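# Summary of the model geometry
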Amino acid sequence: MVDVTRRDDALAQSEEFLLDAPEASAKALSRRRGPRDINAMSPGWKALVLIGLVVWLVLTAFPIYWTLVTAFKTPPAVNGGPTYLPWVDFEPSLQAWIDIFAGIRGQFDRTITNSTLVSLTASVIAIVIGSMAAYALARYPYRVSIWAGVIFVAIALGGYLIGFEYFGMSRAGALFGAGAIALVVAILLNLLPLPGPILGNNDIVFWFVSQRMFPPVVVAFALFLMYTEVGRAGFTLIDTFWGLTFCYVAFSLPIVIWLMRDFFAALPVEVEEAAMVDNVPQWRIFLQIVVPMAAPGLAATFMITLAFLWNEFLFALFLTNSDWQTLPILVAGQNSQRGDEWWAVAAAALISIVPMIIMAIILSRLMRSGLLSGASK
Amino acid sequence: MSTVAAIGSVRDRDPMKHVFIWPALAVVLVTVMFPLIYSLTISFMSFRLVPPRPPRFVGIDNYADLLTQARFWSVVGTTMTIAFLSVAIQYIIGFAIALALHAKMPGSAFFRVIFLMPMLLAPVAVALIARMVFNPTMGPLNEVMTYFGFPNLPYLTDATWALGTIIAVEVWMWTPFVILLMLAGLATLPEDIYEAANLEGASKWRQFWDITFPMLLPISAAVVFIRLIESFKVMDTVFVMTGGGPGIATETLTLFAYQEGFKKFNLGYTSSLSFLMLIVVTVIGILYVSLLRPQIQKRQ
């Protein structure tokens, strides 16, 4: 009896597949065409577009130009009112840069190394495990019973309160104990055919993205507490490389999953299906077929993640203090030390900008070469 | 046919599906579970770090106190104004610029690099630069404006102007995000539909509303959603530029949470504030998704 219904299901699925396949491949083909050429625009529209672009260009570039010239000003040239052109309005000076390289303004060499190490490592890890999850969410069906989720929260919360209040466990210990039990119970429960609504892939993606809805101030403080307690148990996480990297991985995973799922879903599924007929194992399909096809999307997502992490401020503020301080903290610190010393702020901001501008150039090269077309859909 | 049929069930039962998803799930669970559960429990307590007193259970007092406070509602209003206005402007400008850059034209590579830059700067640095530019005596903006005969404007010290300035800075910083993703979306549109529309003599205006806009609705929905979520948490810009002032005119939810938690060390209060914010953002998110999903499905 069971076998028969299963076969019916399978038949229905195969019919669906056969019906969908030609349409899907046609879609995939038509997407390969080059970008739309709208040179056929009327002259009036063309002028409007160009004016709009130039206006936005001025708005975008002026503050950056302003930062650039301010970094070469002397204090009088800043405080005496706005000056615009070097050698015309003011005599450029290298004082801000001399201060920075002499180490008067904080240890730039070390924070740059820290920022580079942490943001690169965290981006790589987030991209690897994030795109694995994104691929799974794009291709495999998942079913989570809503009751498994509710029970998970109930056991984790209740167990934490009981462990912390009555058994005198540490906060982190109580929570991880309760969390582990809750997870096992929830996974086992989910194997049973529970009644009630079933959460699918879209809901799981929404859950991942919703992790970014909570105010970061509270998350950062709670993480600081958790790291402190784990530190008492013998694993120092505060102000360490792995402490900051781990939290950055978790912090960027929602965005990686959200973007990469769209990129993977856009790939034609037939190639993978053909490989599956030949009994190629799933992990090899992923590594040798899917990842190369999604390379442009991976590159774009990697760069967005890297930019976010390079600029991250709040978590770095809470979770590091001296050894692993990152660049944004040092940039922000330029302001509060002795009032508004804008030449120093500008120079520090420029130092943190340069690597990102190199990235912007690489990103736009990739986009222009058409590597990134076919992305995000 | 039986092999094809087998594929569907192989995908469903393949153990690899768990191997693929669990690393990410585990990392997010471990990092997120503690902050959420910890702050949920202390949101029902009176918990101050300075002076250090043992936490005391107060039930829903924190929540009730917040909901009856005029400052809370003013902060909610400010946050919503900043989030909705700035995201709407970002989307309109960003989409328009993406459309313009999508056309083949000389110098578009140059435009793309410059246009991406604001997004790649640290928000703290952007806020500091903005403070320079908008400064009433040392900043260039007021000098240029007075040169053209406008009065010297209190960009950061007048309630309405300060709110407008913050929105402008948010738009400046995050429009590139919209441009980048809308460009990627535009690149996926099939050319032949436009050829057919051209043959039928449809105007560019009609083509945009009947083809481009509906086909980009899914990616638009995703971009706007992410920007809304992130805008609700806006803090560094406001903190550096106005500090929430004048008075509390530009105070946002996260800044309010920060002031209560780390100026007054009132952690229970801050946690309940965060949960109220989570509820607000989740409700907006669910409303948004349920309003848009039928639209997206209808048009596809």
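Predicted, not measured: the structure shown is a model, and the values here were computed from it. (Residues numbered from 1 in each chain as written. Chains lettered and ligands numbered in written order. Predicted model: local features only at pLDDT ≥ 70, side-chain atom pairs only at ≥ 80, totals over all residues.)

## Some words on the overall build of chain B
Rules: Every helix listed is a DSSP run of H or I at least four residues long, and every strand listed is a run of E at least two residues long, numbered separately from the N terminus. Throughout, the radius of gyration refers to the C-alpha atoms, and the reference size of a globule is 2.2 Å times the residue count to the power 0.38. Note on contacts: each residue gets a C-beta atom placed from the backbone, and two residues are in contact if those atoms are within 7 Å.
When helices and strands are tallied, chain B shows 14 helices and two strands. For chain B, whose C-alpha radius of gyration is 24 Å, the value lies well above the compact-globule estimate of 19 Å for 300 residues. Counting only C-alpha atoms, chain B reaches 70 × 70 × 30 Å along its principal axes. Taking contacts inside chain B between residues at least 6 apart in sequence as the whole, the part at least 24 apart equals 68%.

## Quick look at the environment of tyrosine 258 of chain B
Worth spelling out the cut-off: In this scheme the burial state of a residue depends on its C-beta neighbours within 10 Å: 20 or more other such atoms mean buried, 12 or fewer mean exposed, and anything in between means partly exposed; the C-beta positions come from the backbone.
Tracing the backbone shows tyrosine 258 of chain B in helix α13 (residues 253-263). The class for tyrosine 258 of chain B is buried, based on 23 C-beta atoms found within 10 Å. Considering only alpha carbons, one finds tyrosine 258 of chain B and threonine 270 of chain B, 12 residues apart in sequence, at a separation of 7.5 Å. Look past the residues within four positions of tyrosine 258 of chain B in its chain and what remains in contact with it is Val217 of chain A together with Met235 of chain B.

## Brief notes about the environment of isoleucine 100 of chain A
All names here are of chain A. With respect to the helices and strands, the residue isoleucine 100 is situated in helix α4 (residues 95-102). The buried category is assigned to isoleucine 100, around which 21 C-beta atoms lie within 10 Å. In the structure, isoleucine 100 is positioned 213 residues away from phenylalanine 313 in sequence and 21 Å away in space, judged by C-alpha atoms. Look past the residues within four positions of isoleucine 100 in its chain and what remains in contact with it is Arg105, Phe108 and Ala347.

## A look at the confidence of the model for chain A
Residues and elements named next belong to chain A. As a reminder of what qualifies: On a scale of 0 to 100, pLDDT captures the predictor's confidence in every residue.
When pLDDT is averaged along chain A, the result is 77, and 82% of the positions lie at 70 or above. Mean pLDDT values over the elements of chain A span from 37, in helix α1 (residues 2-31), up to 91, in helix α5 (residues 108-139). Every residue in residues 1-38 is under pLDDT 50, and counting partners more than four places away or in other chains gives 32 contacts. Residue range residues 372-377 is modelled with pLDDT below 50. Its contacts to residues more than four positions away, or to other chains, number 29 contacts.

## Brief notes about the packing of helix α2 (residues 43-70) of chain A against helix α6 (residues 123-133) of chain B
Spelled out, the test is: An axis is simply a line fitted to the C-alpha atoms; with a helix, the fit covers only the stretch in contact. Between two such axes, the angle follows the N-to-C directions and lies from 0 to 180 degrees. Under this scheme an angle from 65 to 115 degrees is roughly perpendicular, one under 35 degrees roughly parallel, and one over 145 degrees roughly antiparallel; angles in between are oblique. Asp, Glu, Lys and Arg are counted as charged, while Ala, Val, Leu, Ile, Met, Phe, Trp, Tyr, Cys and Pro are counted as nonpolar; the rest, among them Gly, fall into the polar class.
Two elements in contact, α2 of chain A and α6 of chain B, have axes separated by 10 Å at closest approach and are oriented at 85°. Relative to α6 of chain B, the element α2 of chain A lies roughly perpendicular. For the pair α2 of chain A and α6 of chain B, contact is made by Pro63, Trp66, Thr67 and Thr70 of chain A and by Ile129, Met132 and Val133 of chain B, respectively. Looking at the contact of α2 of chain A with α6 of chain B residue by residue, the classes come out as five nonpolar, two polar and no charged.

## So, the nonpolar core
Cut-off, in case you're wondering: Note on terminology: a nonpolar core is a set of buried residues of type Ala, Val, Leu, Ile, Met, Phe, Trp, Tyr or Cys, with members joined through C-beta atoms within 7 Å.
Ala133, Leu253, Ile257, Ala347 and Ala349 of chain A together with Ala24 and Met182 of chain B are the most contacted members of the largest nonpolar core, which totals 183 residues. Ranked by residues supplied to this core, first place goes to helix α8 (residues 159-187) of chain B with 18 residues.

## A closer look at the packing of helix α6 (residues 146-165) of chain A against helix α2 (residues 16-42) of chain B
To keep it simple, the criterion reads: Crossing handedness: left-handed means the near helix sits turned counterclockwise from the far one by under a right angle, and right-handed means the same turn made clockwise.
Close contact between α6 of chain A and α2 of chain B brings their axes to 11 Å; oriented N to C, the two are set at 65°. α2 of chain B is crossed by α6 of chain A, and the crossing has right-handed handedness. Counted together, Ala156, Leu157, Tyr160 and Leu161 of chain A of α6 of chain A and Met33, Ile37 and Thr41 of chain B of α2 of chain B form the full contact between these two elements. Among the residues making up the contact of α6 of chain A with α2 of chain B, the classes are represented as six nonpolar, one polar and no charged.

## Regarding unusual backbone geometry
Residue and element names in this part refer to chain A. A positive phi is found at aspartate 239, a non-glycine position, where the angle reads about 60°. As for its placement among the helices and strands, aspartate 239 is situated in the loop between α9 (216-232) and α10 (241-266). Overall, the presence of 16 C-beta atoms within 10 Å leaves aspartate 239 in the partly exposed class. Positive phi, normally seen in glycine, also occurs at asparagine 279, with a value near 60°. Mapped onto the secondary structure, asparagine 279 falls in the loop between α11 (270-277) and α12 (282-293).

## Re the environment of glycine 177 of chain A
All names here are of chain A. If you trace the backbone, glycine 177 turns up in helix α7 (residues 171-191). Its 17 C-beta neighbours within 10 Å are what place glycine 177 among the partly exposed residues. In sequence terms glycine 177 and alanine 156 are 21 residues apart; their C-alpha atoms lie 8.4 Å from each other. Leaving out residues up to four positions away in the same chain, glycine 177 has contacts with Gly159 and Gly163.

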